[in-house]
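What the coordinates show
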Amino acid sequence: MSASTVRITIDGRKLAVMSGTSVAAAIAQAGAPGRLSCSGQRRAPVCGMGVCFECRANVDGCPQQRTCQLPAAEGMVVLTDD
Ligand code: FES
């Protein structure tokens, strides 16, 4: 790991991403499938600017976080389907 990367865990998978990477981008980089809607549809980021709420995930124990608005931080734990 270099000073310009941070290590995060997404659905149990550890990875290093560039500092400043959004959590939504890190989820995509990890190849994580994203959350399921109430009706069972797989969801993914749409707007990338905090409006659509399609990128929600549990981040460090806080549910329903808009991951497109959160920069990845060292030690962050993300659950995409929670
Ligand atoms: S992608 Fe739309 S709120 Fe995050």
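Residues numbered from 1 in each chain as written. Predicted model: local features only at pLDDT ≥ 70, side-chain atom pairs only at ≥ 80, totals over all residues. Heavy atoms only, no water.

1. Remarks on the pattern of salt bridges
Where side chains of opposite charge bring their charged atoms close, a pairing between them can arise. Counted by the stated rule, this structure contains 3 salt bridges. Note that Arg7 is salt-bridged to Glu74, the shortest N-O span being 2.8 Å. Of this pair, Arg7 sits in strand S1 (residues 5-10) while Glu74 sits in the loop between strand S4 (62-66) and strand S5 (77-79), and the two are 67 residues apart along the sequence. In this structure Arg7 comes out as partly exposed when scored by relative accessible area, which is 46%. A relative accessible area of 42% places Glu74 in the partly exposed class. Of the charged contacts, one joins Glu54 and Arg35 as a salt bridge, the two residues approaching to 3.1 Å between their closest N and O atoms. (Salt bridge = Lys/Arg side-chain N within 4 Å of Asp/Glu carboxyl O. Helix = DSSP H or I, 4+ residues; strand = E, 2+ residues; numbered from the N terminus. Buried < 20%, exposed > 50% of the residue type's maximum accessible area, 1.4 Å probe, protein only.)

2. With respect to the environment of Asp11
The topology assignment puts Asp11 in the loop between S1 and strand S2 (13-18). The spatial distance from the C-alpha of Asp11 to the C-alpha of Cys55 is 15 Å, given a sequence separation of 44 residues.

Note that all results are geometric; they support no functional claim without further evidence.
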